[in-house]
Amino acid sequence: MILNNYRSGFVTLLGRPNVGKSTLLNKLIGEKITITSPVAQTTRNKLKGILTTEKSQIIFIDTPGIHKPHHLLGKKLVENAKSAINGVDLILLIFDSNFEPGRGDQYIKDFIMTNKYQFIVVLNKCDLLKADKRHLRKKQYREIFGDNLITLQEVSAITGEGCSELINLVNNYLPEGPLLYPKETLSDQPLKTIFSDLIREQVLLNTREEVPHSVAVNIEKIDEIKNHKKDKIQKLTAVLATIIVERKSQKGILIGKKGSMLKDIGQSARLNMIKLIDGPVYLELFVKVIPNWRKKESRLIEFGYEDDS
């Protein structure tokens, strides 16, 4: 039931790479809609995750981590992350509370302060710190932001600690307004994009540092196939995807001995796809080498990394 004085608005998650933005988004939404991995710079697209409650509808915008870019792809990711704060109602500045504030955090703080955006400081991974360290970290961030700090919230994207409090805080800063998306909508991303990310996530998780950011996934085809079993018609989603790497050695790692690595990647990605669409999935994977694709404008556009700033 939707109550009176309903609130709705857009909230951007912003921070350095690997601070847990995507994991936190999944926890807040309650569903896996964006990929996560221990490898920095996992998120490559601005993705909207939508949380609808009786009091509000929050459209969270997940962004790539802000970092010093080393190639054209990195430059586009940072530009897109910065553009994701234009016109939003609130920014969640996500920091990893395991580490003391550094120059990268100061850069983000200066950028936000210069442009006078409304923000909340969120200290993630607080479950990994003892009480004295948690107190110290809060003190350090309060000193950095000074009188400009609206509020600060500790959270754990893994355990869920502080997440309900964070949602309540966000609600306070949203304007009154109607539902912007249907109640059942969890994300505005097309299935093709989410499937691509689910495959890339498994590449990162299974290969770690051996095949880092030189991987893209292109979904060639998604078909709905009807299988007739006895008196029932079962729908099967068939997915054909190509994993793109930059070197032949990376292709060998991805395929693995007798295809074992590619099989593991495919099985794990397929299970996540099944959970997402709540139906059977057939996934076929291929690996293709395209040298230096991250430095080529045409390839970036082809694989969905357009500059939308």
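As shown above, the structure is provided for reference.
We now turn to the structure provided with this report. As the structure is a computational prediction, the values presented were derived from the model and not from experiment.

Per the counting criterion, the structure on display carries five salt bridges. Among the ionic pairs, Asp-96 bridges to Lys-125, the shortest N-O distance being 3.2 Å. A residue pair is termed long-range when its members are at least 10 positions apart, and Asp-96 in strand β4 (residues 90-96) and Lys-125 in the loop between β5 (119-124) and α4 (131-145) qualify at 29 residues. Asp-96 sits in the buried class, given a relative accessible area of 10%.

Further remarks concern the state of the cysteines. All chains considered together, the criterion is met by zero disulfides. Just so you know, Cys-126 is unpaired, no disulfide at all, and the nearest cysteine sulfur is the one on Cys-163, 8.6 Å from it. Overall, Cys-126 belongs to the buried group, its relative accessible area being 1%. Here Cys-163 falls in the buried class, since its relative accessible area comes to 5%.

In the contact formed by helix α1 (residues 21-29) and helix α5 (residues 163-173), the axes pass within 10 Å of each other and the chain directions differ by 85°. Compared by their axis directions, α1 and α5 come out roughly perpendicular. Between α1 and α5, the contacting residues are Leu-24, Lys-27 and Leu-28 on the first element and Cys-163, Leu-166 and Ile-167 on the second. Within the contact of α1 with α5, the residues separate by chemical class into five nonpolar, no polar and one charged.

What counts, and at which threshold
Residues numbered from 1 in each chain as written. Predicted model: local features only at pLDDT ≥ 70, side-chain atom pairs only at ≥ 80, totals over all residues. Heavy atoms only, no water. Salt bridge = Lys/Arg side-chain N within 4 Å of Asp/Glu carboxyl O. Helix = DSSP H or I, 4+ residues; strand = E, 2+ residues; numbered from the N terminus. Buried < 20%, exposed > 50% of the residue type's maximum accessible area, 1.4 Å probe, protein only. Disulfide = S-S within 2.5 Å. Axes fitted to C-alpha atoms, helices over the stretch in contact; angles between N-to-C directions. Parallel < 35°, antiparallel > 145°, perpendicular 65-115°, else oblique. Contact = heavy atoms within 4.5 Å. Nonpolar A, V, L, I, M, F, W, Y, C, P; charged D, E, K, R; others polar.

Everything listed here is a matter of coordinates, which is why it stays silent on function.
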